[in-house]
Amino acid sequence: MNPWLDQIAVGVIVSGALGFFVLRFFRNRKRNGGDCGGGCCAVKKK
Amino acid sequence: MSNVTVPATTEQAVRRVAIAGNPNCGKSTIFNALTGLRQKVGNYPGVTVERKEGSFFGSHGEPMNLLDLPGSYSLQIRSPDEAVARDVLLGRLPGIARPDVIVAVIDASNLERNLYLVAQLLELELPVVVALNMVDMAEKAGVLIDLAALRELLGVPVIPMVATKGVGMVELKQALSQTPLSKPKHRAPFQPLMEEEARALAGQLPVPAEVAFPEALLLLSLHDQALDELAAHDSKVIEATRQAQHRLRQAGLDPISALVDARYAWIHTVCHASVSGSGVGDGLSASDRIDMVFTHRIWGWAVFLAIMGLMFFCIFTVAQYPMDWINGGCDWVAEWVGSQMREGDLRSLVTDGIIAGVGGVVIFLPQILILYFFLGILEDTGYMARAAFIMDRLMSRVGLHGKSFIPLLGSFACAIPGIMATRTIENRKDRLVTILVAPLMSCSARLPVYAIMIAVLIPIASGFAKAGIMLCMYLLGIVTAFLMAWFLKTRIFKGETPMLLLEMPPYRMPSFRSIGLRMWERAGLFLRRAGTVILALSVLLWALATYPKPPDKEATPSEALSYSFAGRMGHAIEPIIAPLGFDWKIGIGLIGSFAAREVFVSTMSIVYNVENSEEDDESLVPLRDTMRNETRGDGSPVFTPLVCIGLMVFYVLAMQCISTVAVVRRETNSWRWPLFQLAYMTALAYVATLVVYQGGRLLGYQ
């Protein structure tokens, strides 16, 4: 693979992971608290 | 003015059913039996009370929504959980429509006590279907119920059920599918003056007409202090309530006890006419006989420890097979992906970051499922209440309330629901103490950390030895929690602890369907978490462990890791953790796992795979062996027995969970307590690990 393409693909995936946490932070602030992973903290609306 | 008929929308056509009842009467079993996998767990808006909702089809195939309300003994609330049940039934909660019909689940062997809530439900002017559950247990206990008489006296359908065996489910669906649903024909009669005052007060309430009368009854049954604290109504309503209560007292009626007395008098009439048999067998029941051993002062503890030991033994032995399969699967995927991609950062990210990171956590799914299986069995059989009873003796000595046991036990699964469960504790001080010590109980996220450290410590030992170490870690958490509770209760939250009043449900066969559903639900949540949070964290940790790259192209993997952001962070905290025997690579794991404890394992997978990626063509070197072979600069092993034990002790005591911090903040409504908790747990973990490592070395151990 072209080294540039390789680096771009890595950059996109890492940015996506970072974006996931940023979005999650803002979403949890709007909703009723964080997600513990136990599935009992997130408010699920219809 | 013309009459306009509003067309029924699809949403309106779906019947909303709420399940209400006392704790331990089988609500959740009925809920699970009706909804199967069509259920979801969330929270009620504004509060952190768990909300279980699902859907099912009626006997004519019509869709229905089902809401499992928190267990409550009456609508006069004593805890936040009960408040939610009441608010849903009165349509007070914004965003949650009032149910169309209530399924009142009652324990047939304990009719009189269960009927109190039913008496209040009948006052709500909503259709009610009574699910008379556990009729088999009642029969065994010698309680014979005349169903026709009970139906006649309650004025609502009564369905005899054995929910664990699915008996009565068809009839329940038929009753719920009736169109139109009829409202209750009877309710407890009140004295005429009480009825009159309640009607008059109802007329003044700014609430929908259908809930005005039950709201008025609830207001009239509040004492002065409760009225002062009332936030749901305005001052005019409170004043009107006080005046009505005053008039009733002048007429010689105590508004609070008069309502309770009237309901109990009615219940007595109902039971007298519909129940025959003493309800007490010729001698001791089977449950009583079992309890003579299970709640015995000495044997009770032996049974308790044996059950816990068996649980951990199974976690190590039975889970090993599926864990090997998952491990083999991950190896195969990594190998296949590695062979399909050209060498470069992207391949390293996929194999060393994503597959190693996510696979390193997913492998522990079987152990977590076995933990939930045992917790489900203990809960369904009724043993949990016995465990609470046994523990109360110990807990009362450290000043904890017996009710704290369930939240603490729940914290073995996850501290978050454990902390949420503290809402059943009425006393604020007891509740705060329980919240502050709950994260010391070893949650399922610690399981992967213990498992990997035990594997590194004693790779070829028997399941018994491994289970023994695991049990020790759990006991360490329990003992520390009790000692901290004692300290907090005697130094900070001084006060009397109320006596424990605990209901001992009869022993019953567990519903394996219910337990299976719970395990399915937890597996889904765990995998969802692995596929989202752990995946994203693995990617970020890989990036932190890979970039920036050293300027020297010939640098060894160890030098490259040391040069990376993660390496620099590890080196930054190394002076602090070095006295604990931890090196900078373990430091990377500690930093990474502050988000969630199980991330320690994936961090270690990434750190060691990153480091070994050029030395070994196999991208997934088994983590255990890699860690065992890891050496320091002087050639001595990094993961000595003392370091392994120290790491486990650190994870038992440290507050390595950002979500718990957030939930404690929400539950205590201040930053003071979560920060205090974070500080004391971190200090405790540090000191204990220091004592283990340095003390062990002084004694000549490695």
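Residues numbered from 1 in each chain as written. Chains lettered and ligands numbered in written order. Predicted model: local features only at pLDDT ≥ 70, side-chain atom pairs only at ≥ 80, totals over all residues. Heavy atoms only, no water.

Would you mind showing me how to read the overall build of chain A here?
Scanning chain A for helices and strands turns up one helix and zero strands. Going through the 46 residues of chain A one by one, you find that 35% of them count as buried. (Helix = DSSP H or I, 4+ residues; strand = E, 2+ residues; numbered from the N terminus. Buried < 20%, exposed > 50% of the residue type's maximum accessible area, 1.4 Å probe, protein only.)

Hey, could you run me through the pattern of salt bridges in this one?
A side chain of one charge can pair with a side chain of the opposite charge when the charged atoms of the two come close. All names here are of chain B. With the rule as written, the count across this model stands at 17 salt bridges over all chains. Put simply, D100 and R16 hold a salt bridge, and the shortest N to O gap is 3.2 Å. Placement of D100 in the loop between α3 (80–89) and β5 (101–107) and of R16 in strand β1 (residues 15–21) is noted, with a sequence separation of 84 residues between them. Take R16: its relative accessible area is 27%, and that puts it in the partly exposed class. (Salt bridge = Lys/Arg side-chain N within 4 Å of Asp/Glu carboxyl O.)

Mind showing me how you'd approach the environment of Y608 of chain B here?
Residue and element names in this part refer to chain B. Along the polypeptide, Y608 turns up in helix α28 (residues 599–612). Once the C-alpha coordinates of Y608 and L561 are considered, the two residues, 47 residues apart in sequence, prove to be 9.5 Å apart. If we ignore the near neighbours within four places in the chain, the residues touching Y608 are K585, L623, T626, M627, E630 and F639. (Contact = heavy atoms within 4.5 Å.)

I would appreciate a short explanation of unusual backbone geometry in the present structure.
All names here are of chain B. Going from T179 to P180, the amide bond is cis rather than trans, its omega being -5°. Among the secondary structure elements, P180 is positioned in the loop between α7 (169–177) and α8 (192–204). For the bond from Y547 to P548, the omega torsion is -10°, close enough to zero to count as cis. Take P548: it is sitting in the loop between α24 (512–546) and α25 (557–563). If you check the backbone angles, E125 has positive phi at about 60° while not being a glycine.

Before we go on, may I ask you to explain the confidence of the model for chain B in this structure?
A low pLDDT score tells you not to read the predicted coordinates there in detail. Residue and element names in this part refer to chain B. Looking at chain B as a whole, the pLDDT averages 83, with 90% of positions reaching at least 70. Low pLDDT, under 50, characterises residues 1–11; the predicted model gives this stretch one contact beyond four residues in sequence or across chains. Across residues 615–620 the pLDDT falls below 50, and counting only partners more than four positions away or on other chains, this stretch makes 13 contacts in the model. Overall fold confidence (pTM) sits at 0.67, and the ipTM for the predicted complex is 0.76. (pLDDT = per-residue confidence, 0-100.)

I'm lost on the side chain of T295 of chain B in this one. Help?
Residue and element names in this part refer to chain B. Relative to the helices and strands, T295 resides in the loop between α13 (286–294) and α14 (299–317). At a separation of 2.4 Å, a polar atom in the side chain of T295 contacts the main-chain carbonyl oxygen of D291. Not counting chain neighbours up to four residues away, the residues in contact with T295 comprise G300, R386, F389, I390 and R393. (Polar contact = N/O pair within 3.5 Å; in protein donor to acceptor, adjacent residues only side chain to side chain.)

Looking at this model, I keep getting lost on helix α16 (residues 345–362) of chain B. Mind explaining?
An α-helix turns once per 3.6 residues; consequently, residues spaced three or four apart project the same way. Residues and elements named next belong to chain B. With 18 residues, α16 extends 24 Å from end C-alpha to end C-alpha; this agrees with the ideal 26 Å at 1.5 Å per step. Maximal helix bending in α16 amounts to about 30°, located at A356. Of all 18 residues making up α16, 16 are buried, and the element is well covered by its neighbours. (Expected span 1.5 Å × (residues − 1). Bend = angle between axes of the 7 residues up to and from the residue.)

What is the right way to look at the nonpolar core in this model?
All names here are of chain B. One finds F312, V437, M453, I586, M627, F639 and L647 to be the most contacted residues of the largest nonpolar core, which totals 133 residues. Broken down by element, this core gets its largest block of residues, 14 residues, from α24. Residues within four places of F312 in sequence aside, it is in contact with A467, M470, L471 and Y474. With 44 residues, the next largest nonpolar core counts A85, L115, V118 and L124 among its residues. (Core = buried A, V, L, I, M, F, W, Y, C linked by side-chain atoms within 4.5 Å.)

Whenever I open this one, the pairing of strand β6 (residues 128–133) of chain B confuses me. Can you help?
Successive residues of a regular strand alternate their side chains across the two faces of the sheet. Residues and elements named next belong to chain B. Counted residue by residue, β6 has six buried out of six residues, so it is predominantly covered. Taking every second residue as pointing to the same face, both faces of β6 are buried, with V128, V130 and L132 on one and V129, A131 and N133 on the other. For β5 and β6, the ladder comprises six bridges, and the chain directions are parallel. When the sheet's bridge partners are listed, I106 is paired in β6 with L132. Note on the crossover from β5 through helix α4 (residues 111–122) to β6: the handedness is right-handed. Where β6 meets strand β8 (residues 158–161), four bridges bridge the pair, whose relative direction is parallel. The residue bridging A131 from the neighbouring strand is I159, located in β8. (Pairing = 2+ DSSP bridges. Right-handed = clockwise from strand over helix to strand, strands pointing away.)

Help me understand the packing of aromatic side chains in this model?
Remark: the centre distance and the inter-plane angle together describe each pair of aromatic rings, the angle taken between the planes. Residue and element names in this part refer to chain B. Enumeration over the complete set of coordinates arrives at 18 aromatic pairs over all chains. The interplanar angle of 15° and the centroid separation of 6.5 Å between the aromatic rings of W332 and W336 together place this pair among those described as stacked. Note that W332 and W336 are positioned in helix α15 (residues 320–340) at a spacing of four residues, about one turn of the helix. Look at W332 and you get exposed, because its relative accessible area is 57%. On the basis of relative accessibility, which here comes to 46%, the residue W336 falls in the partly exposed class. Plain terms: the ring middles of Y608 and F639 are 6.5 Å apart, the flat faces sit at 70° to each other, and that makes the pair edge-to-face. One end of the pair, Y608, is in helix α28; the other, F639, is in the loop between α29 (623–629) and α30 (641–653), with 31 residues separating them in the sequence. Each member of the pair, Y608 as well as F639, is classed as buried. An aromatic cluster of three or more residues is present, and its members are F493, W673, F676 and Y680. Directly above the ring of F213 sits R199, whose terminal nitrogen or CZ lies 3.9 Å from the centroid. Over the aromatic face of Y507 sits the side chain of R386, whose NZ or CZ is 4.0 Å from the ring centroid. (Phe/Tyr/Trp six-rings, centres within 6.5 Å; stacked < 30°, edge-to-face > 60°. Lys NZ or Arg CZ within 6 Å of the ring centre and 35° of its normal.)

I would appreciate a short explanation of a nonpolar patch on the surface in the present structure.
Residues and elements named next belong to chain A. A surface patch of nonpolar side chains, about 480 Å² in accessible area, is lined by W4, L5, I8 and V12. Secondary-structure assignment places W4 in helix α1 (residues 3–30). What makes W4 exposed here is its relative accessible area of 66%. (Patch = residues over 30% accessible without salt bridge, like charges linked within 9 Å, V, L, I, M, F, W, Y side chains within 5 Å. Areas by Shrake-Rupley, 256 points an atom, 1.4 Å probe, with all protein chains shown as cover.)

Even after reading the chapter, I still don't get the packing of helix α21 (residues 428–437) of chain B against helix α32 (residues 672–698) of chain B, so can you show me in this structure?
The description of two helices packed together rests on the angle between their axes and the distance between the axes. All names here are of chain B. Two elements in contact, α21 and α32, have axes separated by 10 Å at closest approach and are oriented at 45°. If you check the angle between α21 and α32, you find them oblique. Considering only the axes of α21 and α32, their crossing is right-handed. Across the interface between the two elements, R428, L432, I435, L436 and V437 of α21 pack against W673, F676, Q677 and Y680 of α32. The residue makeup of the contact of α21 with α32, split by class, is seven nonpolar, one polar and one charged. (Axes fitted to C-alpha atoms, helices over the stretch in contact; angles between N-to-C directions. Parallel < 35°, antiparallel > 145°, perpendicular 65-115°, else oblique. Left-handed = near helix turned anticlockwise from the far one by under 90°. Nonpolar A, V, L, I, M, F, W, Y, C, P; charged D, E, K, R; others polar.)

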